[in-house]
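Residue-level structural notes
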Amino acid sequence: MDGFIADYLGEKLTTLRRSVAVLSGSSALFTYRGASLHAESFFEKAGASVYALGSGVAIYIFWHMAFKVVPRLKTPVEKALGLAVVMLGCLMIIPLSSALNTAGIAGEDALETHAQRTIAGYEEIVGDRYDQGRLIESIIPDLKLEAARLRASAKAELEKGVYTGRPGPGAVEETLNGMALRLDGLREEIEAHLAKSKTLAQSASGELDVMRKIVTADKPLTIRTRDLGKRADSLRTMLTEMSSMGLAESSQRLLEALPREVERQAKFSANPKTAKSQEKALERLQEDVARTTEIIGKFVAKITAMPTASIPALERLSPVAAVIMYARDYISYWAGGIALDMAPLAILLFLMLALAAKSEADLKQATLTRLPQLGTRFG
């Protein structure tokens, strides 16, 4: 250590300067890689090269000046100010270079991690959307039974007049058949949506498989990112179409409005007595249908009240943003990226401690002891 101190005091810093130059050059290389991961055109790559070269030179000059000035400061105030300037420079170097170093080392892997986790999120949403869509399937048997009951009641009214006491076609029989048709239409709409959802779920699974292959494909990162974005847009469209929320809401409205279909009936018999019996029969029918549809409607209301997960877009991250977002997975790489720029700080601090531990007489003696050796080496 005395020899190093003597060399430093005699400004024989060739080894130190070479070490700082190697570290700065290594940092510039990884800075370029981190800045150019998404570069496609010549000017983008040229810009990344200039930025990396400039940052490497700036870091070298910073540490060169720090070594020349800070360890030679004498008073505690001077040393504190010198270290404050060094620390401020280090804080600037981390976003300037260290983050890009880490991106250059692990950025591509971090972007693949981001893509894989986004795909896993899409896969979960596909499952949730499909399962949620299947919930409405459970009302199909109820719709069938209610439609069949209404048709049976219409037939009984037509043949026996069970509601009005007078067999034959009329307002009651027509209303019963009309409501049965409305329920059949709703059931068919739900069945068609379920069939479509099943097909979409299969297509979505296929898109997810393709997206996984794109992530691991042997292609440039920019091409893979672009392909993933297109697939993600297609998948989001499928997931939107798979949603049963709109169908559940329309089903709820239809079930709530079904009893009021009775009120729209204006085709009564010309016979006042028969018309009166038809009105009373329709009132009874309205109450009967309201009780039945209320039970089905409550279940549909639970479906519409369920929270629906939003469909996130495939967020295009920069390599730096990716290594920041998944920093826990790349702690060792962050340590390496920062160490390339901050290693001279450790040497600087050790040098300051070594100089502080020496008296002025010790420093002069170390210098005088070193002079003959230096003269022999360079003579």
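From a predicted model like this one, the values you see are computed outputs, not experimental measurements.

Brief notes about the overall build of the protein chain
Each helix and strand in the protein chain was counted, giving 12 helices and zero strands. Starting at the N terminus and ending at the C terminus, the protein chain contains elements arranged as α-α-α-α-α-α-α-α-α-α-α-α. Here the analysis covers contacts within the protein chain between residues at least 6 apart in sequence; of these, 83% occur between residues at least 24 apart. Looking at the protein chain as shown, the accessible area adds up to about 20300 Å², and 60% of this sits on carbon and sulfur atoms.

Details of a nonpolar patch on the surface
Side chains of L53, V57, I61, M65 and V69 sit close together on the surface and give an oily, nonpolar patch of about 450 Å² of accessible area. Judged by its relative accessible area of 41%, V69 is partly exposed.

Some words on the packing of aromatic side chains
In total, this model carries three aromatic pairs according to the counting rule given. Taking 4.9 Å as the distance between ring centres and 70° as the angle between the ring planes, the aromatic pair formed by F62 and W63 counts as edge-to-face. Take F62: its relative accessible area is 21%, and that puts it in the partly exposed class. A relative accessible area of 0% places W63 in the buried class.

Section: empty space enclosed by the protein
Summed over all chains, the structure comprises one cavity of 30 Å³ or more. Estimates place the volume of the largest cavity at around 70 Å³. Forming the boundary of the largest cavity are L13, L16, R17, V20, Y60, W63, H64 and F67. For the lining of the largest cavity, the secondary structure elements donating two or more residues are α2 (14–36) and α3 (42–69). Per-element tally for the lining of the largest cavity: the top contributor is α3, with four residues. A per-class count over the lining of the largest cavity returns six nonpolar, one polar and one charged.

Some words on α3
Taking 1.5 Å as the rise per residue, α3 with 28 residues should run 40 Å; its terminal C-alpha atoms sit 40 Å apart, in good agreement. Among the residues making up α3, those that are buried are A48, A52, S55, G56, I59, W63, A66 and F67.

A closer look at the pattern of salt bridges
What the rule picks out here adds up to 11 salt bridges. E108 is the salt-bridge partner of R33, the closest N and O atoms lying 3.5 Å from each other. With R33 in helix α2 and E108 in helix α4 (residues 76–135), this pair connects stretches of sequence that are 75 residues apart. For E108, a relative accessible area of 25% gives the class partly exposed. Note that E207 is salt-bridged to R231, the shortest N-O span being 3.1 Å. Here E207 is found in helix α6 (residues 171–215), whereas its partner R231 is found in helix α7 (residues 221–242), with 24 residues between them in sequence. Given a relative accessible area of 32%, R231 falls into the partly exposed group. Salt bridges linked by common partners bring R33, E108, E112 and R224 together as one network.

Section: the side chain of S55
Structurally, S55 is set in helix α3. On the accessibility criterion, S55 (3% relative accessible area) is buried. In this structure, S55 is in contact with T31 and L96, ignoring residues within four places of it in sequence.

A few points about the confidence of the model for the protein chain
Averaged over every residue, the pLDDT of the protein chain is 80; the share at 70 or more is 81%. Within the protein chain, the lowest mean pLDDT, 51, falls on helix α12 (residues 360–378), and the highest, 92, falls on α3. A low-confidence stretch, residues 371–379 (pLDDT under 50), is modelled with four contacts involving residues beyond four sequence positions or located in other chains.

Some words on the packing of α3 against α4
Between α3 and α4, whose axes approach to 11 Å, the crossing angle comes to 160°. Judged on the interaxial angle alone, α4 and α3 are roughly antiparallel. Between α3 and α4 lies a crossing of left-handed hand. For the pair formed by α3 and α4, the contact residues are Y51, S55, I59, F62, W63 and A66 on the first element and V85, V86, G89, C90, I93, P95, L96, S97 and L100 on the second. Its residues assigned to classes, the contact of α3 with α4 comprises 12 nonpolar, three polar and no charged.

Structural notes on α2
Between its terminal C-alpha atoms α2 stretches 32 Å, which fits the 33 Å expected from 23 residues at 1.5 Å a residue. Along α2, the positions that sit buried rather than exposed are L16, V20, S24, S27, A28, T31, G34 and S36. If you follow the buried residues of α2, they end up packed against α3, α4, α10 (319–325) and α11 (331–357).

Description of the environment of Y122
Mapped onto the fold, Y122 is located in helix α4. The spacing of Y122 and L314 is 192 residues in sequence and 9.6 Å in space, taken between C-alpha atoms. If we ignore the near neighbours within four places in the chain, the residues touching Y122 are L208, M211, A232, L235, R236, L239, I311, P312, A313 and L314.

Here is what the cut-offs are and how they apply
Residues numbered from 1 in each chain as written. Predicted model: local features only at pLDDT ≥ 70, side-chain atom pairs only at ≥ 80, totals over all residues. Heavy atoms only, no water. Helix = DSSP H or I, 4+ residues; strand = E, 2+ residues; numbered from the N terminus. Contact = heavy atoms within 4.5 Å. Areas by Shrake-Rupley, 256 points an atom, 1.4 Å probe, with all protein chains shown as cover. Patch = residues over 30% accessible without salt bridge, like charges linked within 9 Å, V, L, I, M, F, W, Y side chains within 5 Å. Salt bridge = Lys/Arg side-chain N within 4 Å of Asp/Glu carboxyl O. Buried < 20%, exposed > 50% of the residue type's maximum accessible area, 1.4 Å probe, protein only. Phe/Tyr/Trp six-rings, centres within 6.5 Å; stacked < 30°, edge-to-face > 60°. 1 Å grid on protein atoms, 1.4 Å probe; cavity = no way out; pocket = protein on both sides within 12 Å on 5 of 7 lines; lining within 4 Å. Points joined across faces, edges and corners; volume = space filled by probe spheres on them. Nonpolar A, V, L, I, M, F, W, Y, C, P; charged D, E, K, R; others polar. Expected span 1.5 Å × (residues − 1). pLDDT = per-residue confidence, 0-100. Axes fitted to C-alpha atoms, helices over the stretch in contact; angles between N-to-C directions. Parallel < 35°, antiparallel > 145°, perpendicular 65-115°, else oblique. Left-handed = near helix turned anticlockwise from the far one by under 90°.

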